[in-house]
Amino acid sequence: MLLLISPDGVEEALDCAKAAEHLDIVDVKKPDEGSLGANFPWVIREIRDAVPADKPVSATVGDVPYKPGTVAQAALGAVVSGATYIKVGLYGCTTPEQGVEVMRAVVRAVKDHRPEALVVASGYADAHRIGCVNPLALPDIAARAGADAAMLDTAIKDGTRLFDHVPPDACAEFVRRAHASGLLAALAGSVKQADLGPLTRIGTDIVGVRGAVCAGGDRNAGRIQPHLVAAFRAEMDRQAREHAVGIPAVN
Ligand SMILES: O=C[C@H](O)COP(=O)(O)O
């Protein structure tokens, strides 16, 4: 499982760089513009320059409306600025068809510029609270659009967590559907160390985290702490080892 950490700007990205050996992807967002709030192109560029070259930079395009043209331009902005994972939060899409339309436009805009960039279609575990597409529809939306990954995060950061809205069994189904379509499965939403056991067991490819590695567990007032990133990774590694040992032998 890969660890994606979301700093809110260049200063926090430098803290991520101090913990670079413990994380896999640095995710640029602007939390005060929403759960998947988009940051400025120059911030993406500065963060790309600030973190080690072997660490991919991801950027969110925002909690986007159902406006395929607008979103495609924003996605191009993110990839031109140096991000190689382009995340789109399908906030304003109320049907799978709308989600596919937006994501197809994004995939074309991104891959025309940089074919190896990865496009991530993100939905929300608490979709029922904001009226957007069902979380379990995301793998199919991503696959039909030609994206590379399906993701869930929480839209409303009020202390409720991924598993409060989509229990582990349903997350397992999300991962199963993603893998059946050849997609990566990414999960986030106030994930804590205690969630890493189930996330590992269900085969999650990428876990996205902010609050759990901020001082006081506070994603808004707290800052990302390199020692908390290291501790989070240590628990991920421990869970991975236990899972490997516990896998029943085939045949
Ligand atoms: O993509 C990851 C999100 O930023 C997760 O943030 P959170 O752990 O504070 O919910």
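This text follows the structure it describes.
Notes on the structure follow.

Procedures and definitions
Residues numbered from 1 in each chain as written. Predicted model: local features only at pLDDT ≥ 70, side-chain atom pairs only at ≥ 80, totals over all residues. Heavy atoms only, no water. Near = heavy atom within 4 Å. Polar contact = N/O pair within 3.5 Å; in protein donor to acceptor, adjacent residues only side chain to side chain. Areas by Shrake-Rupley, 256 points an atom, 1.4 Å probe, with all protein chains shown as cover. Helix = DSSP H or I, 4+ residues; strand = E, 2+ residues; numbered from the N terminus. Buried < 20%, exposed > 50% of the residue type's maximum accessible area, 1.4 Å probe, protein only. Arc of directions from axis to C-beta. Contact = heavy atoms within 4.5 Å. Phe/Tyr/Trp six-rings, centres within 6.5 Å; stacked < 30°, edge-to-face > 60°.

**Section: the site of the ligand**
The immediate surroundings of the ligand are formed by 16 residues, with Lys29, Lys157, Ser190, Gly211 and Arg219 found nearest. At 3.1 Å from an oxygen atom of the ligand is found a side-chain nitrogen or oxygen belonging to Ser6. Within the backbone of Ser190, one N or O atom sits 2.7 Å away from an oxygen atom of the ligand. Contact with the protein chains covers 100% of the free accessible surface of the ligand, which is 300 Å². Those elements that place two or more of their residues in the shell around the ligand are strand E6 (149-153) and strand E8 (206-209).

**Points about helix H1 (residues 10-18)**
Those residues of H1 lying buried are Glu12, Ala13, Asp15 and Cys16. Down the axis of H1, the buried side of the element spans an arc of 155 degrees, and every buried residue falls inside it. For H1, exposure combined with an orientation more than 90 degrees from the buried face picks out Glu11 and Lys18. Contact partners of the buried residues in H1: strand E1 (2-5), strand E2 (25-28), helix H2 (41-50) and helix H10 (226-246).

**Digging into the packing of aromatic side chains**
Following the criterion strictly, the structure yields 2 aromatic pairs and no others. Here Phe40 and Trp42 contribute two aromatic rings whose centre-to-centre distance is 4.8 Å and whose plane-to-plane angle is 5 degrees, an arrangement assigned as stacked. With a centroid separation of 5.7 Å and 85 degrees between ring planes, the pair formed by Tyr91 and Tyr124 is classed as edge-to-face. With a gap of 33 residues between them, Tyr91 in the loop between strand E4 (85-89) and helix H4 (96-113) and Tyr124 in strand E5 (residues 118-124) connect regions that are remote in the sequence. Owing to a relative accessible area of 36%, Tyr91 belongs among the partly exposed residues under this scheme.

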